[in-house]
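Chain by chain, the residues run as shown.
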Amino acid sequence: MTAPERAPDDGPPAGRPGGEPPVVDARGTRCPVPVVRVARAARDLPAGATVVLLADDEIAAVDVPAWAWLRGHHVDAEPEGTWTRYVLVLGAGTG
Amino acid sequence: MANTTSDPLPAGPPGGVAAGCLDATRGPLHPLAAATLGAAADLAWADPTRRHGPGRRARGLLDTAREVLAGALGVRPDELSVHASAEDALSVGLEGLRHARRRVGERVVASAVERTAVLVRTGDEAPVPVSRSGVVDVAALVAALARPGTAAVVLQTANGEVGTRQPVAAVAAAAREAGVPLLLDATTSLGRDPLPAGAGDVVVADAASFGGPPLGLLGVRSGARWGLPGPRREAEQGRALAAPWVPLVLAAAEAWRQGEAAADEDATSARALVDRLRAAAGAVPDVQVVGDPQDRLPHVVTFSVLYVDGETVVDELARHDLAVGSGSACTSSTLRPSHVLAALGVLTHGNVRVTLPLASVSPHRADDVDRLCALLPDVVAGLRARLGVADL
């Protein structure tokens, strides 16, 4: 992982300029709800913004990257306890 | 007993048994196959291994049907066995290859989009990945073949869920080069798409793919190293525990005979209908049409509706008397989505799978496709509005 334009002590990349990335907690919901929620959160954000999704539905492991690919978003998934943390960097596409 | 007559079966749907059927994975029988089945129930009910008159009659009819079905598969009649289901035929076919190669090893190489009946038998071997359109990674497959202890390789002619054809000739050549026997799974393509001639040491098909009853067909070429463990099985070239019910085999043979001459013409018209459906689905906002647009089965198409669950789409189309399949979770008894869609890395929710019946089975299939094309934009918009996701 590289973030060349950011100093290491800046913390997580900002969702909006000057703010923490929005975290969408979709744990306990099932497909397609995690994708719907993260799409809603992403809808009004500019390209390059970051959104975090927490989901424990195993189908999200397929559908979140599939949706991100359709929209041109970049996604990294990391297991975290009994759920997965999806970090999405938005591309130029909408929602 | 007050009443010894049972209730009659309910009347079929108006417009014929196949009206609105866009899910022919297990479709209605070809009408002449259905007629054959009825007649054969009176004529060929006996166990074909019996020496009495009815048994001999059933045996004679079975032999004739076997010749027809062997021709369909491109094998000799004595290389063909008939099994209760395509899954059984796949399972037995693979088991025979593995057992014959047990001194070499137990590994079975298979693509990630093979049928579940195959993938549950590949053990710990990771399946070979496919592209986003569903084509197996030939280089990865060749590398897997070269690893020691490889007993067999399994490849489908084409995928029955997304329609994408596989590079059978290239894989067959690589398997021959590596000295690994190939099981070719034609269970969704036989009768709909030409079978690559001579490919596969073992070939498996399903009579349901060409308008027959669901029936597994297993061809083991005579040169293939193949054998089952345990005591010799009594029926079907030593491959089945019991002889098939002959009327089903006769119905399957009749379906093949009826379909064979018209197969090319049927495939051409099915391909045009699927092209129309792919265009109509692709024109709806946020609908992902899946599978190779060109190098595919003529009669299969799958698409996924973003933000909507598959169950809702299938139910809504059913309200319009259109029967479609789905690879989404929750649309059948399974809670897991299709492993095929997952292997492609495409959406698994909101999935609609169309498998066109043969025109001879469903004379109105073009009307059904037109109706689906016309309904789809409003159905999708209506569902998204109802689910509160129309603004996404």
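Look a little higher up for the structure.
Since this is a predicted model, take the numbers as computed values, not measurements.

## Brief notes about the overall build of chain B
Looking only at helices and strands, chain B has eleven helices and nine strands in total. Taking 21 Å as the expected radius of gyration for a compact globule of 392 residues, we find that chain B reaches 22 Å, a close match to that expectation. Principal-axis analysis of the C-alpha atoms places the extent of chain B at approximately 65 × 65 × 45 Å. Buried residues in chain B amount to 54% of all 392 residues. Once local pairs closer than 6 in sequence are excluded, the contacts in chain B between residues at least 24 apart make up 69%. Accessible area of chain B: about 16,500 Å², with a carbon and sulfur share of 55%. Computed over 37 positive and 43 negative side-chain charges, the separation of the two mean positions in chain B equals 7 Å.

## Things to note about the overall build of chain A
Looking only at helices and strands, chain A has two helices and four strands in total. Starting at the N terminus and walking to the C terminus, you meet the elements of chain A as β-α-β-α-β-β. By the burial criterion, 40% of the 95 residues in chain A qualify as buried. As presented, chain A carries roughly 5,200 Å² of accessible surface, and 55% of it is formed by carbon and sulfur atoms.

## What to know about the packing of aromatic side chains
Residues and elements named next belong to chain B. According to the stated counting rule, one finds one aromatic pair over all chains in the structure shown. With a centroid separation of 5.1 Å and an interplanar angle of 80°, the aromatic rings of Phe210 and Trp256 are classed as edge-to-face. Note that Phe210 is positioned in the loop between β5 (202-206) and β6 (216-220) and Trp256 in helix α7 (residues 246-260), a separation of 46 residues in sequence. Residue classification places Trp256 among the buried residues on the basis of a relative accessible area of 12%.

## Let's talk about the side chain of Arg296(B)
Residue and element names in this part refer to chain B. The topology assignment puts Arg296 in the loop between β7 (287-290) and β8 (300-305). With relative accessibility at 0%, the residue Arg296 sits in the buried group. Within polar-contact distance, the side chain of Arg296 engages the side chain of Asp275 at 2.6 Å. Those residues in contact with Arg296 that sit more than four places away from it in its chain are Gly163, Thr164, Arg165, Arg271, Val274, Asp275 and Arg278.

## Some thoughts on the pattern of salt bridges
Taken as a whole and judged by the stated rule, the model has 25 salt bridges over all chains. Arg257(B) is the salt-bridge partner of Glu254(B), the closest N and O atoms lying 3.3 Å from each other. With a gap of three residues between them, Glu254(B) and Arg257(B) both fall in helix α7, about one helical turn apart. Two residues, Arg319(B) and Glu316(B), come together in a salt bridge whose shortest N-O distance is 2.7 Å. Of this pair, Arg319(B) and Glu316(B) are both found in helix α9 (residues 310-319), three residues apart, which corresponds to roughly one turn of the helix. By relative accessible area, which is 13% here, Glu316(B) ends up buried. It is possible to trace a salt-bridge network through shared partners that takes in Arg40(A), Arg43(A), Asp44(A) and Asp391(B).

## Looking at the side chain of Arg192(B)
All names here are of chain B. Position of Arg192 among the secondary structure elements: in the loop between β4 (182-185) and β5. Of the side chains with opposite charge, Asp266 comes closest to the buried, unpaired Arg192, at an N-O distance of 4.0 Å. Side-chain polar atoms of Arg192 contact the backbone oxygen of Leu356, separated by 2.8 Å. Filtering out sequence-adjacent residues up to four positions away, Arg192 remains in contact with Ser209, Asp266, Ala267, Pro298, His299, Leu356, Pro357, Leu358 and Arg365.

## Topic: the sheet that holds strand β9 (residues 351-355) of chain B
All names here are of chain B. Across the sheet, which stays open at both edges, the three strands sit in the order β7-β8-β9 with antiparallel pairing between neighbours. One side of each edge strand has no neighbouring strand; the edge strands of this open sheet are β7 and β9. Geometrically, the sheet is characterised by an average inter-axis angle of 20° between neighbouring strands, direction not taken into account. As paired strands, β8 and β9 are joined by five bridges and run antiparallel to one another.

## Looking at the nonpolar core
Core analysis: the biggest nonpolar cluster contains 30 residues, and Leu69(B), Leu73(B), Phe210(B) and Leu217(B) have the highest contact counts within it. Those residues in contact with Leu217(B) that lie beyond four places of it in its chain are Leu69(B), Leu73(B), Leu80(B), Ser81(B), Val82(B), Ala89(B), Val203(B), Val204(B), Ala205(B), Ala207(B) and Phe210(B).

## Points about the pairing of strand β1 (residues 80-83) of chain B
Residues and elements named next belong to chain B. Across the two faces of β1 the burial is the same, with Leu80 and Val82 and Ser81 and His83 all buried. Pairing geometry for β1 and β6, over four bridges, is antiparallel. Bridge pairing links Leu80 to Gly219 in β6.

## Section: the sheet that holds β1(B)
All names here are of chain B. Spatially, the six strands line up as an open sheet ordered β1-β6-β5-β4-β3-β2, and their pairing is mixed. A strand with exactly one partner marks an edge of an open sheet, and here the two such strands are β1 and β2 (107-110). The mean inter-strand angle of the sheet, taken between neighbouring strand axes irrespective of direction, is 20°. Sheet analysis places β5 next to β6, joined by five bridges and oriented antiparallel. Each bridged residue has a counterpart across the sheet, and for Val202 the counterpart in β6 is Val220. Along the sheet, helix α2 (residues 53-73) makes contact with β1, β5 and β6, crossing β1 at roughly 105°. Relative to strand β3 (residues 150-156), helix α6 (residues 168-178) is tilted by about 170°, and along the sheet it contacts β3 and β4.

## Notes on the interface of chain A and chain B
Each partner contributes residues to the interface: chain A has 18 residues there, and chain B has 22 residues. In total, chain A and chain B occlude about 1,700 Å² of area from one another, counting both sides; carbon and sulfur atoms represent 62% of this. Between chain A and chain B we count four salt bridges in total. Of the charged contacts, one joins Arg336(B) and Glu58(A) as a salt bridge, the two residues approaching to 3.3 Å between their closest N and O atoms. One can count eight residue pairs in polar contact (both at pLDDT 80 or more) joining chain A with chain B. Broken down by secondary-structure element, the contributors of at least two residues to the side of chain A that touches chain B are α1 (33-43) and α2 (60-71) of chain A. Counting residues per element, the side of chain A that touches chain B draws most heavily on α2(A), which supplies seven residues.

Reading the values: rules and limits
What you see as residue numbers is a count from 1 along each chain, following the sequence as written. Starting at A for chains and at 1 for ligands, labels are handed out in the order in which the entities are written. Per-residue local features are limited, in this predicted model, to residues with pLDDT of at least 70; the limit for side-chain atom pairs, both in listing and counting, is 80 or more; totals at the level of whole chains, interfaces and linings are taken over all residues. The basis for the side-chain values is all heavy atoms of the structure; hydrogens and waters are excluded. Helix and strand labels come from DSSP, where a helix needs a run of H or I of at least four residues and a strand needs a run of E of at least two; each type is numbered from the N terminus. Atoms counted for the radius of gyration: C-alpha only. Globule rule: 2.2 Å times the number of residues to the power 0.38. The cut-offs for exposure are 20% and 50% of the maximum accessible area for each residue type, with area from a 1.4 Å probe on protein chains only; residues under the lower value are buried, those over the upper are exposed, and the others partly exposed. Contacts: residue pairs with any heavy atoms within 4.5 Å of one another. For every accessible area listed, the method is Shrake-Rupley and the probe measures 1.4 Å; residues are considered covered only by the protein chains on display. Only four residue types enter the charge count: Lys and Arg as positive, Asp and Glu as negative, with His and the chain ends excluded. One atom stands in for each charge, and that atom is NZ of Lys, CZ of Arg, CG of Asp or CD of Glu. Side-chain rings of Phe, Tyr and Trp, where Trp is taken by its six-membered ring, are said to pair if the distance between their centres is within 6.5 Å; with planes under 30 degrees apart they count as stacked, over 60 as edge-to-face, and otherwise as tilted. Polar contact is the term for a pair of N or O atoms within 3.5 Å; when the atoms are in protein, one must be able to donate a hydrogen and the other to accept it, and sequence-neighboring residues count only if both atoms are side-chain atoms. A pairing counts as a salt bridge when a side-chain nitrogen of Lys or Arg comes within 4 Å of a carboxyl oxygen of Asp or Glu. DSSP bridges decide pairing: two strands pair if at least two such bridges lie between them. To obtain an axis, a line is fitted to C-alpha atoms, over the contacting stretch when the element is a helix, and the angle between two such axes runs from 0 to 180 degrees between their N-to-C directions. Within this scheme, the nonpolar core is defined by two criteria: the residues are buried Ala, Val, Leu, Ile, Met, Phe, Trp, Tyr or Cys, and they are joined through side-chain atoms within 4.5 Å. By buried area we mean how much accessible surface two parts lose on assembly, using a 1.4 Å probe and totalling the loss over both.

Worth remembering: the numbers are spatial, not functional.
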